[in-house]
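Examination of the molecular architecture
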Amino acid sequence: MTNKEPSESKTSNGMNRRDILKVGSGLSIGTLLLSSDNGKIATIDERDADIGGDGAILDIREYDADPTGRVESDSAFEAAIADADEGDTILFQDGEFLIEDDTHVINKSLTIKGVNATLLRSTHGWEMTPQGWGKAAIAFRGGGPTGEKTQLSDNVSRGDSSIPVSNINLFQVGDRVQVREGSQPGELGQGVPAFKFQLGKIEKVDTEKSKIWLTDNLGYDISAANGEVEIIKLIQNPSIEGLKADSGAGTADWFLMEWVEDGTYRNITTWGGSRFIQRFNNSWGVQNIRPKASHADSEGPGEGEMIYFGRCNDVFVSSPHVEDCRRGVDLTKGTHGVTVFNPHVYNFKSTGISQHNDLGNDITIIGGHLTANPTNTIAGDGIEHRGGKMVITGTTIVPRRAGVNVKGVAENLHIDGVTVEPHKGLGDRGDVLRLNTNVDANVELAVQDPGNDLAYSASFRGHSHNNVTLNLHGDVPPVRMQSANYRNINLKGSFFHPHDRHGLYGTPGAGDLWKSISIAYDHSGGGHGVLISPQEGGMVRNLNIKGVSLTTNDMSVEIRDGLDSLRNVCITDCYLNAREGNEINIQEEDLNRAWIKNNRAPSISVHPDATNVIIEGNQ
């Protein structure tokens with residue numbers, strides 16, 4: 001890379017960030033091996049890679065920027081942007097530089113680099129402009145939608161890469177497109193319409209079949225009735241790296257990339273700002289490497305979104321360190337295809353890692369530590385899940401409310417090796433997993449609670465749930481099923497809890513229908529193995545407890561009186577050992593049809609008014 005005087009021309013070539021991301025997705029962070037065009041192997045250390053390419057360096061001080069921070073450097077920055085060619089680097093070095101203008105908009109591929117440099121900002125106020133910039137100090141913004149678009153000619157499914165279109169003549173290989181369901185929404189206000197989308201590159205055009213092929217697979221099902229494909233213009237390979245940014249309370253925001261491909265924030269440190277501090281919108285193949293951010297205050301101290309992705313796909317976040325925020329890493333408006341590696345988020349008020357305000361798909365969270373603000377009484381969930389596939393592994397969570405809060409249709413939700421440690425002395429113990437909406441989920445849950453600090457391992461909270469399988473392992477607190485309708489609930493696994501806690505604690509209410517509840521877990525410890533304690537009626541149909549081992553202080557299985565009806569109870573082939581006796585105790589008088597067979601259960605008690613009850617082969 002060479003230094004460049006003002007107005008000097010240059011040529012450049014860039015680095016493909018998605019190639020780094022794809023090659024590195026199966027490796028540890030550090031040295032990556034990439035194949036170059038000539039077949040040689042290039043070694044790139046992710047920590048020290050010079051991502052400025054071969055372009056020229058434009059030192060902001062050569063444009064009369066003030067390195068003392070006493071005089072604004074906006075004019076010098078604008079002059080450097082105007083002089084820079086694609087692939088150049090604008091360098092802030094050795095000083096403090098005051099940036100006060102609302103937004104410096106950059107519409108070409110550059111690197112903005114800091115070396116021992118801090119940007120200062122005192123411009124106050126936060127607002128959503130029609131472009132959605134929110135007064136970001138520096139904004140890379142591509143051309144976005146071009147208006148060249150066509151309808152889908154058939155439905156497409158998640159995982160497809162071939163897209164049938166009505167007008168194939170619009171497209172050619174290499175075009176960047178947005179495949180979406182619905183129109184491109186704006187940014188103003190709340191309640192922005194949800195839509196499904198995919199940004200990608202066309203690698204094949206088949207005029208005979210009227211289909212285009214993308215380099216990546218779709219993240220959503222998209223219907224022909226509302227589906228569109230539109231050519232878009234993206235800035236490729238923009239980068240901001242090594243900068244520190246410092247601003248006072250209530251100041252405008254810092255960095256935005258919108259309509260970019262392979263954009264990178266690297267080693268950015270921000271203090272203060274208003275709402276969206278390090279932000280990507282409508283972008284593809286983007287990454288934020290080792291960001292640090294603290295003290296955003298959109299509506300008061302700690303009320304901003306620090307690391308933000310809106311309507312993005314193919315996202316990588318590595319080792320973020322965030323403090324004093326509303327949401328630490330915010331994945332919103334359909335953002336999908338995300339990996340968050342080793343996140344550290346402290347003193348968050350709403351959520352450590354949030355998938356909110358729309359659907360999302362294919363979210364992976366690996367390792368890290370998430371700790372809520374202990375005095376916040378509104379939220380404080382470690383991870384918020386709105387829908388689609390999510391994998392969480394090896395993360396330590398100290399929530400105010402729930403470790404993982406599921407608020408949408410959870411497809412292939414996998415939780416493994418997660419440690420949840422509630423804040424001490426708060427009275428209201430948190431849950432490991434909280435299910436708040438109509439959830440369709442398959443969950444592997446492993447957690448330790450030796451101090452009896454957690455309320456529930458999984459809590460079904462007052463909404464209908466269908467087709468949920470929980471596989472529980474370790475030293476876990478009980479499953480709680482509150483008043484709601486349930487269908488096809490399967491509880492499996494093997495766990496132990498030394499304190500006076502139940503395996504399942506169910507409280508059906510008036511009008512509730514619990515249908516097809518299967519208990520296939522082994523539980524040892526205090527409390528009941530299974531306790532169903534009706535509140536004000538409700539119906540339980542098809543309760544199946546088969547082949548389990550329940551060694552408990554209290555009763556192994558107890559169903560208390562108070563249901564409107566209890567039908568088809570099957571307890572078979574179980575090893576039941578209640579230390580205080582009475583392994584099976586069914587007090588509900590409106591029991592019709594029960595099979596209690598071939599159990600190790602010395603003590604069995606069923607209400608005398610129950611009908612069609614078969615008790616045999618037990619010992």
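Residues numbered from 1 in each chain as written. Predicted model: local features only at pLDDT ≥ 70, side-chain atom pairs only at ≥ 80, totals over all residues. Heavy atoms only, no water.

1. Here's the deal with the pattern of salt bridges
Here is the rule: Criterion for a salt bridge: a side-chain nitrogen of Lys or Arg within 4 Å of a carboxyl oxygen of Asp or Glu. Strands are runs of DSSP state E lasting at least two residues, helices are runs of H or I lasting at least four, and both sets are numbered from the N terminus onward. Partly exposed residues are those whose accessible area sits between 20% and 50% of the maximum for their type, while under 20% is buried and over 50% is exposed, using a 1.4 Å probe and protein chains only.
With the rule as written, the count across this model stands at 12 salt bridges. Put simply, Glu 258 and Arg 141 hold a salt bridge, and the shortest N to O gap is 3.1 Å. Note that Glu 258 is positioned in strand 19 (residues 255–258) and Arg 141 in strand 9 (residues 138–141), a separation of 117 residues in sequence. The exposure class assigned to Arg 141 is partly exposed, which follows from its relative accessible area of 23%. Salt-bridge contacts for Asp 381 lead to Arg 401; the nearest nitrogen and oxygen are separated by 2.6 Å. Residue Asp 381 is found in strand 33 (residues 381–385), and its partner Arg 401 is found in the loop between strand 35 (396–398) and strand 36 (402–406); the two are separated by 20 residues along the sequence. When its relative accessible area of 0% is taken as the criterion, Asp 381 is described as buried. Where salt bridges share partners, they join Arg 180, Glu 228 and Glu 230 into one cluster.

2. Comments concerning unusual backbone geometry
Keep in mind that most residues, glycine aside, have a negative phi and that most peptide bonds are trans. Positive phi, normally seen in glycine, also occurs at Asp 64, with a value near 70°. By the element assignment, Asp 64 lies in the loop between strand 4 (56–59) and strand 5 (68–72). Look at Asn 488: it is not a glycine, yet its phi comes out positive at around 60°. Along the chain, the position of Asn 488 falls in strand 44 (residues 486–497).

3. A short note on the packing of aromatic side chains
Operational definition: The aromatic pairing rule takes the rings of Phe, Tyr and Trp, using the six-membered ring of Trp, and pairs them if the centres are within 6.5 Å, calling planes under 30 degrees apart stacked, those over 60 edge-to-face and the rest tilted.
If you walk through the whole model with that rule in mind, you get eight aromatic pairs. Ring centres of Trp 254 and Phe 255 lie 5.9 Å apart, and the angle between their planes is 35°; on these two criteria the pair is classed as tilted. Like Phe 255, Trp 254 is buried. Note on Phe 280 and Phe 309: the rings are 5.4 Å apart at their centroids and 10° apart in plane angle, and the pair reads as stacked.

4. So, the sheet that holds strand 15 (residues 227–233)
Rules: Strands qualify as paired when DSSP identifies two bridges or more between them. Every axis in this analysis is a line fitted to C-alpha atoms, fitted for helices over the stretch in contact. Angles between the N-to-C directions lie between 0 and 180 degrees.
With antiparallel pairing, six strands are arranged side by side in an open sheet as 10-15-12-13-14-11. Edge positions in the sheet fall to strand 10 (144–151) and strand 11 (162–164), since each of these pairs with one other strand and no more. Averaged over all pairs of adjacent strands, the angle between their axes in this sheet comes to 40°, without regard to strand direction. When strand 12 (residues 176–181) meets strand 13 (residues 196–206), the two strands line up antiparallel, connected through six bridges. From the neighbouring strand, Val 179 faces strand 13, where its bridge partner is Gln 198.

5. Some remarks on a negative patch on the surface
The criterion, for reference: Within the patch definition used here, like charges are joined within 9 Å and nonpolar side chains (Val, Leu, Ile, Met, Phe, Trp, Tyr) within 5 Å, considering only residues with over 30% relative accessible area and no salt bridge. Residue-level accessible areas treat just the shown protein chains as cover; the underlying method is Shrake-Rupley with a 1.4 Å probe. Positive charges come from Lys and Arg, negative ones from Asp and Glu, while His and the chain ends are left out of the count. Here the site of a charge means atom NZ of a Lys, CZ of an Arg, CG of an Asp or CD of a Glu.
A cluster of like negative charges, contributed by Glu 72, Glu 78, Asp 101 and Asp 102, occupies part of the molecular surface. Along the chain, the position of Glu 72 falls in strand 5. Under the relative-accessibility criterion, Glu 72 is labelled partly exposed at 35%.

6. Some words on helix 2 (residues 74–83)
The α-helix advances 3.6 residues per turn, and as a result positions three or four apart in sequence lie on the same side. Test applied: Contact criterion: two residues are considered in contact whenever any of their non-hydrogen atoms come within 4.5 Å of each other.
Of the positions making up helix 2, those classed as buried are Asp 74, Ala 76, Phe 77, Ala 80, Ile 81 and Asp 83. For helix 2, the secondary structure elements touched by its buried residues are strand 4, strand 5, strand 6 (89–98), strand 7 (104–106), strand 8 (111–121) and strand 9.

7. A short note on the state of the cysteines
Cysteine pairs can be linked by a disulfide, which is a covalent bond between their two sulfur atoms. Where we set the bar: Counting rule for disulfides: a pair of cysteine sulfur atoms within 2.5 Å.
Tallied over the full model, the rule gives zero disulfides. Free of any disulfide, Cys 570 has its nearest neighbouring cysteine sulfur in Cys 574, separated by 8.4 Å.

8. Things to note about the pairing of strand 54 (residues 591–597)
Here strand 51 (residues 565–572) runs beside strand 54; their pairing, made up of six bridges, is parallel. Directly across from Val 569, in strand 54, lies its bridge partner Ala 594.

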